[in-house]
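Given next are the chains, with one letter for each unit.
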Amino acid sequence: MTSRNIVFSARLIHTMNPELPTAEALVMRDGKLLFVGSKREALEIAGPDAAVELFPESTIVPGLIDAHVHLASLGRELTTVGLSSARTEAEAAALVAPAKPNQGDWVLGRGWDQNDWKGTTYPSKASLDAVKPTTPVFLTRIDGHAAWVNSEALRRAGITAATQDPPGGRIERDAKGEPTGVLIDNAIDVVAAQIPEPSESVAQKRLKVAIETCARLGLTQVHDAGMDIATFRLLQSWDALGVLPIRVYAMADGQGAEADAYADMGPFSGRHLEMRAVKLLADGALGSRGAALATPYADAADQSGLLLISPDQLAAKAQQFSARGFQVAVHAIGDRANSLVIATLSKLGAEGRHRVEHAQILTAADVPKLAKLGLIASFQPTHATSDMPWAEQRIGFERAKGAYAWRSVLETGAHVAFGSDSPVEDPNPLWGLYSARTRQDHAGQPAGGWHPEQKLTGLEALAGFTTGGAYASFAETRRGQLVVGFDADFVVLPIDPVEGAPSELINAKVQVTVVDGSDVYRAP
Ligand SMILES: [Zn+2]
C-alpha cells in the first residue's frame, strides 16, 4: 500500500454505480477510491506528484467476484498432470510418462475425456502400466465421475476380479471379469482412499497457484464454497502476514467431519479473509442423475435423483449455523432440492442473506419466492453452456424453462451472484460473462443461444460478477462498484465486457488486477 495518489485512466470505466455509470479516470490513495470521473478532474485532484497510469484502449470495471469456487480443488487441478489436450489414449499415457509423483508416491492427473478420442471407448490400465509399472497412477475424468488407474493403483486398493462393485459404483471389467482400470462413481473412492493426503508444502503450493490464477483472471474476490479447516488455517496465516493477494470469502464445510468445529469457532473476519458462511449440500449433479427431481428424469423413468441430507437434518444444520451468525448457502440442483432448500431457508429470516447455490432447476412456483424471501440465487453461467448439450434430455422441455433461469429470477427482483464452480468449470470470469450474454458455446452454438429468453445484457451479466458478489458477501457498501470511499478493487481489460461483442470475451486477457489499490497481477 502506498500513500501516494495514483490515477488510472482508460477509454471507459464502467463503475456499476447507477448515479455515475461511466467515467474516464479514477484516483486512489491508501487502497481507497478518492475520485471517479473525468480525466481532467482526476489529474487535477491527484496533483503533480501522483503516479499516472494511462490505458487509452482499455476498459476498467470493478474487481470481478466469483461467488462459487473451490480453491483447494482448483489448486490440485492446476498442479497435477493435465490430460485435456490428449486426443488419444496413447497421447494421454505419453503425458503421464514423464510425470513425477505429485501426492505422496502417487501420480495424479485429470481432464481426460474419451468422448474426444477416436473410438471413444474407455482407456485401460495397460497403457499406463507401460509407462508407470510400479508407481500408482490415478487420473480423474473431466467430469469427476470416473477414474482411470494403473495396475499398481488397483493392487494397492486390493481390487481384483473377485471384488464386487460398491453400491453406487462400477468397476469396469473385460470379458474375463478382470478390472480394466476404469472406475465409475463410488468405485473411484475405493482407490482414492489409498492416496495419502497432500503434504503441508504441497497443499501450500497448490493453494498459492489457485490464488495466483484467480488474480491473473481478474478476480479480486472469490467465495469458496465449502472450505476444509486446514485450508482455512493456511489462508488465515497468509492473511495475518499480509500476503493473501485477493479477497477470500469462505464458506465452512458444514457437512464434513469439521462442521461442529466450525460452528464452535463462529465467523471470522480478517483483512482479506472472511468466514461467515456455511455450505451445505441438498442433492447431487444433473449429469449423473443425482439431482433430486420432483418427478422422474425424462430419460430414466425409474429415477428421480436423491437428497443427500434429510429435510430434518438440513433444517437442524441451517438453524445451528445461522444461530451462530453464519450465512447459510445450500447446493441445490434439482427442482425438488430447490423447493426444499427455499422452504428451509425461509425459516431463518431474510437478514441472513441466505443463498441457494446453483438454483439450477426451479419450478415456476419457486422462481418468485427467492426475491420474496430475500434469498440470493448463486448461479454459474458456464454450467448452462456446458450442460446444454444434454440437460434437456435429462429434464425435458417443460422443466428446462426453469433451468439456469437467470432472467426469470432477476426479473422478480432477487439478488443474483455469479460464479464458476471452478474447477468443475474454468475459473475465467470472462467466460462466465460470455455464457451469461450468449447461452452459446465458444463456437457460437446453438445459433441464437439455448433458451435465449434467459440471456442477459452485458451490464446485467457484469452485475452478477460485481455488485451481486459484493451483496452476497455483505460488502455492497464497500465493493462491487467504483464509488468514492469504496475499496480500490478493479480490473483493466483490453475489451469492453458490456458494450463489446460477446465473442471478444473468449480470448481476452486481463491487463491489470488491482486489490486494495495494489497490483496483484499485471500482464507481462
Ligand atoms: Zn461447487
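For the structure itself, consult the block above.
Counting restarts for each chain, with residues numbered from 1 along the sequence as it is written. Side-chain atom pairs in this predicted model are given and counted only at pLDDT of 80 or more, local residue features only at pLDDT of at least 70, and totals for whole chains, interfaces and linings cover all residues. With hydrogens and water stripped out, all remaining heavy atoms of the structure feed into the side-chain values.

Asker: I'm lost on the sheet that holds strand β22 (residues 518-522) in this one. Help?
Answerer: Strand-to-strand pairing in sheets goes through backbone hydrogen bonds, with the strands running parallel or antiparallel. If you walk across this open sheet you meet the 7 strands as β3-β2-β1-β4-β20-β21-β22, and the pairing is mixed. Each edge of the sheet is formed by a strand with only one pairing partner; in this case those strands are β3 (32-37) and β22. On average, each strand axis in the sheet is inclined to that of its neighbour by 35°, with strand direction left out of account. Any two strands with at least two DSSP bridges between them are considered paired. Each helix is a run of H or I in the DSSP string that is no shorter than four residues. Each strand is a run of E no shorter than two, and both are numbered from the N terminus. With 4 bridges connecting them, strand β21 (residues 512-515) and β22 associate as antiparallel partners. Bridge pairing in β22 links Val512 to Arg522. Angles here are taken between N-to-C directions and fall from 0 to 180 degrees, while the axes themselves are lines fitted to C-alpha atoms, restricted in helices to the stretch in contact.

Asker: What exactly am I supposed to notice about the sheet that holds strand β11 (residues 179-185) here?
Answerer: Here 6 strands make up an open sheet; going across it, the order is β6-β7-β8-β9-β11-β10 and the pairing mixed. Looking at the sheet topology across the chains shown, the edges are occupied by β6 (81-82) and β10 (169-173). The pairing of strand β9 (residues 146-149) with β11 spans 3 bridges and is antiparallel. Its bridge partner being in β11, Ala146 is matched across the sheet by Ile184. Residue contacts follow a heavy-atom distance rule, with two residues in contact if any of their heavy atoms lie within 4.5 Å. Along the sheet, helix α3 (residues 89-96) makes contact with β6, β7 (107-112), β8 (137-141) and β9, crossing β9 at roughly 70°.

Asker: Can you help me understand the environment of Gly480 in this one?
Answerer: Position of Gly480 among the secondary structure elements: in the loop between α18 (467-472) and β20 (490-493). As for Gly480 and Gly63, which are separated by 417 residues in sequence, their C-alpha atoms are 6.9 Å apart. Residue contacts for Gly480: discarding those within four places in its chain leaves Met16, Pro62, Thr466, Thr467 and Ala470.

Asker: Just to check I follow, could you spell out the coordination of the zinc ion for this structure?
Answerer: Any two of four tetrahedral donors ideally make an angle of 109.5 degrees at the metal, while pairs among six octahedral donors ideally make 90 or 180 degrees. The donor definition counts N, O and S atoms within 2.8 Å of each metal and applies 3.2 Å to Na, K and Ca; water is not among these atoms, so some sites may look incomplete. Binding of the zinc ion to the protein goes through His68 (NE2), His70 (NE2) and Asp421 (OD), at separations of 2.1 to 2.2 Å. Within one chain, the residues donating to the zinc ion are spaced in sequence as H-x1-H-x350-D. Only protein chains enter the accessibility calculation, which uses a 1.4 Å probe; a residue is then buried when its area is under 20% of its type maximum, exposed when over 50%, and partly exposed in between. A relative accessible area of 1% means that His68 is categorised as buried.

Asker: Help me understand the nonpolar core, please; the structure alone is not making it clear to me.
Answerer: Residues belong to a common nonpolar core when they are buried Ala, Val, Leu, Ile, Met, Phe, Trp, Tyr or Cys residues joined through side-chain atoms within 4.5 Å. In terms of nonpolar packing, the biggest core is built from 93 residues, with Leu71, Leu235, Leu286, Leu370 and Val409 touching the most fellow members. Leu33, Phe55, Ala488 and Val512 belong to the second largest nonpolar core, which has 18 residues in total.

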